[in-house]
Amino acid sequence: QVQLVESGGGLVQAGGSLRLSCAASGSIFSIGGVGWYRQAPGKQRELVAGITSGGSTNYADSVKGRFSISRDNAKNTVYLQMNSLKPEDTAVYYCNASLKISVLSQTTAYWGQGTQVTVSS
C-alpha cells in the first residue's frame, strides 16, 4: 500500500529552523504535484507551499521568504525547509501528493498523517 509519511516536526524556539520531510513509500510510478498544508487549532487548513512535477513552487504570503519547498524524485521525498520560525507557525503540518501507482493506474491525491510543529517564544 502506498503511504505518505511526514517527519521532522518538533518543538523549536522562535527564530529557529526545522526541515520537514514527506516520503512516499510503496510501489509508486510517479509523483506529481505536492503541497504542504498546515492546520492550527480552531483554524482552517491552509496551503503553505506547493511544488509541481516540473519544480515550480509557490508559497503562502505568510511564509514567503522563510520557507522553501523542494523535492528529490529519486528518493520519492519532498522537503519543507522552515527558517525564522514564529509562534504563529505552530500547527500540524500535512503533506499532500498526487501519486500514480503504475503506468495505467489512476492519479490519486494522498494525505500524510501530519506532524506537529510547535514554535515557542
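Residues numbered from 1 in each chain as written. Predicted model: local features only at pLDDT ≥ 70, side-chain atom pairs only at ≥ 80, totals over all residues. Heavy atoms only, no water.

(A) Spotlight on the sheet that holds strand E8 (residues 77-82). Spatially, the four strands line up as an open sheet ordered E1-E3-E8-E7, and their pairing is antiparallel. Looking at the sheet topology across the chains shown, the edges are occupied by strand E1 (3-7) and strand E7 (67-72). Neighbour-to-neighbour, the strand axes of this sheet turn through a mean angle of 15 degrees, independent of strand direction. Two elements, E1 and strand E3 (residues 18-25), share five bridges in a ladder whose sense is antiparallel. Directly across from Val 5, in E3, lies its bridge partner Ala 23. (Pairing = 2+ DSSP bridges. Helix = DSSP H or I, 4+ residues; strand = E, 2+ residues; numbered from the N terminus. Axes fitted to C-alpha atoms, helices over the stretch in contact; angles between N-to-C directions.)

(B) The arrangement of the packing of aromatic side chains in detail. Within the structure shown, the criterion is met by two aromatic pairs. Consider the rings of Tyr 94 and Trp 111, whose centres lie 6.5 Å apart with planes at 85 degrees: the pair is edge-to-face. Placement of Tyr 94 in strand E9 (residues 91-100) and of Trp 111 in strand E10 (residues 107-111) is noted, with a sequence separation of 17 residues between them. We classify Tyr 94 as buried; its relative accessible area is 15%. (Phe/Tyr/Trp six-rings, centres within 6.5 Å; stacked < 30°, edge-to-face > 60°. Buried < 20%, exposed > 50% of the residue type's maximum accessible area, 1.4 Å probe, protein only.)

(C) Region of interest: the environment of Ser 17. Relative to the elements of secondary structure, Ser 17 occurs in the loop between strand E2 (10-13) and E3. Taking relative accessible area as the criterion, Ser 17 reaches 39% and is therefore assigned partly exposed. Once the C-alpha coordinates of Ser 17 and Lys 86 are considered, the two residues, 69 residues apart in sequence, prove to be 9.7 Å apart. One polar contact links Ser 17 to Asn 83, side chain to side chain, over a distance of 2.9 Å. (Polar contact = N/O pair within 3.5 Å; in protein donor to acceptor, adjacent residues only side chain to side chain.)

(D) Representation of the state of the cysteines within the structure. Tallied over the entire structure, the rule returns one disulfide. Between the sulfur of Cys 22 and that of Cys 95 lies a disulfide, 2.0 Å long from S to S. Of note, the bridge from Cys 22 to Cys 95 carries an S-S torsion of about -80 degrees and is left-handed in sense. With Cys 22 in strand E3 and Cys 95 in strand E9, this pair connects stretches of sequence that are 73 residues apart. (Disulfide = S-S within 2.5 Å.)

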